[in-house]
Amino acid sequence: PQTGRLALYLLGLRATCPTASPQRSLVTWLKYHLEEDWTGSRRHGHPLTSYYQYGLGVLALCVHHKRVREEVIRRLLTAQHHGRLGHGGNSVDTEAVVALAFTCLERRKLVGAELEAELRAATHRASRSMVEAQGPDGVIGNIYSTPWALQVFLATGVCQTEAAFGQAMDALLENLDAFSTAATMAQVLPVLHGHSYLDIASMHCQEEPDTLTPMDMEPLTEVLGNKTVQLVVECPLPWCFELRLYDRPVPAPAAASLLDVLRAAAAQEPHDFTFDTQDTPHGPFLTQVLGLEARQQKRNYWQLLTAPSTPLQMGVADYRPRDGETLILRLSEW
């Protein structure tokens with residue numbers, strides 16, 4: 001099911017203040033996808049996509065002022081209560097999306113009084129969880145999950161009293177260059193203007209003059225020369241009997257991204273190194289390395305780390321390794 005993609009599209013569509021109502025049939029499709037998505041729980045115990053996408057779907061319906069069946073809401077409440085929303089940055093992303101959905105349902109009075117109280121308590125738990133997930137650098141989860149957490153603080157009105165808000169905002173301003181795709185910019189721009197996705201629901205659409213003008217962008221300085229990156233592939237138990245499957249130096253241009261390094265490794269040894277990616281709104285996502293495929297159903301993914309064990313805060317297309325750096329692709333559970 002395309003739950004998350006359709007939800008993001010509907011949020012964006014609402015934010016553009018369309019003069020017509022093309023979203024009516026799309027909202028119906030989103031309701032259908034939410035039900036189709038949940039069929040996965042009967043076999044796997046979680047949605048076919050993820051709780052993140054499922055939460056986005058509920059949020060988008062609420063922003064469009066559509067009621068959501070209580071059973072659908074309670075699926076998210078139960079998942080949060082039992083700690084099934086993930087871990088690390090993924091957990092913060094999902095906790096925040098779910099908390100925004102709960103706050104929207106409560107604010108728009110789309111649920112009964114008893115459920116409203118449960119949603120308020122769940123949102124409070126999510127906020128405390130995000131504060132606890134904040135690192136000494138101010139980042140909450142990782143740099144990409146930080147805008148989601150800040151949206152929750154803004155939506156719930158605790159941004160004026162919560163010290164974590166100011167620290168996270170400082171960290172965000174120091175790392176704005178990490179937000180280079182349309183999807184990541186869409187998460188961070190509302191926060192920079194003191195808003196959350198919930199504010200889309202109460203926008204007063206009006207005609208505005210077209211004041212957009214193109215920016216004069218300076219061309220990026222070309223980085224000359226070459227570098228060598230040590231590329232390591234790890235696959236722990238229970239998926240593999242041998243932990244380290246690949247460990248070789250890969251020469252690449254000095255300006256190469258991690259994705260470029262992977263391509264160079266594949267060109268250098270086409271029979272020994274293979275990989276595959278999937279296009280997402282956040283950029284290419286690593287799905288297969290050395291024939292080993294990360295699967296949603298198995299709840300695993302290819303984690304990107306710089307040696308010895310520091311997770312990367314950027315995706316494969318955005319991160320640019322340093323000369324002599326050791327990068328690890330590790331099949332991990334989420």
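Everything below is about the structure printed above this text.
Conventions and cut-offs
Residues numbered from 1 in each chain as written. Predicted model: local features only at pLDDT ≥ 70, side-chain atom pairs only at ≥ 80, totals over all residues. Heavy atoms only, no water. Helix = DSSP H or I, 4+ residues; strand = E, 2+ residues; numbered from the N terminus. Contact = heavy atoms within 4.5 Å. Patch = residues over 30% accessible without salt bridge, like charges linked within 9 Å, V, L, I, M, F, W, Y side chains within 5 Å. Areas by Shrake-Rupley, 256 points an atom, 1.4 Å probe, with all protein chains shown as cover. Salt bridge = Lys/Arg side-chain N within 4 Å of Asp/Glu carboxyl O. Buried < 20%, exposed > 50% of the residue type's maximum accessible area, 1.4 Å probe, protein only.

**Digging into the environment of Val63**
- Tracing the chain through its elements places Val63 in helix H4 (residues 51-63).
- Between the C-alpha atoms of Val63 and Tyr197, which are 134 residues apart in sequence, the distance is 8.2 Å.
- Here Val63 is in contact with Leu11, Arg14, Cys104, Tyr197, Ile200 and Ala201, once residues within four sequence places are set aside.

**Quick word on a nonpolar patch on the surface**
- A cluster of nonpolar side chains, Leu173, Leu176, Met185, Leu189 and Leu192, forms an exposed patch at the surface whose accessible area comes to about 400 Å².
- Counting residues per element, the nonpolar patch draws most heavily on helix H10 (residues 182-192), which supplies three residues.
- Assignment of secondary structure puts Leu192 in helix H10.
- Exposure remark for Leu192: the relative accessible area of 35% places this residue in the partly exposed category.

**Observations regarding unusual backbone geometry**
- The omega torsion of the bond from Leu237 to Pro238 falls at 10°, within 30 degrees of zero and hence cis.
- Mapped onto the secondary structure, Pro238 falls in the loop between strand E1 (226-234) and strand E2 (244-253).
- Residue Pro308 is reached from Ala307 by a cis peptide bond, and omega for that bond is 5°.
- Locating Pro308 in the fold gives a position in the loop between strand E6 (300-306) and strand E7 (310-311).
- At His65, a residue that is not glycine, the phi angle is positive and equals roughly 60°.

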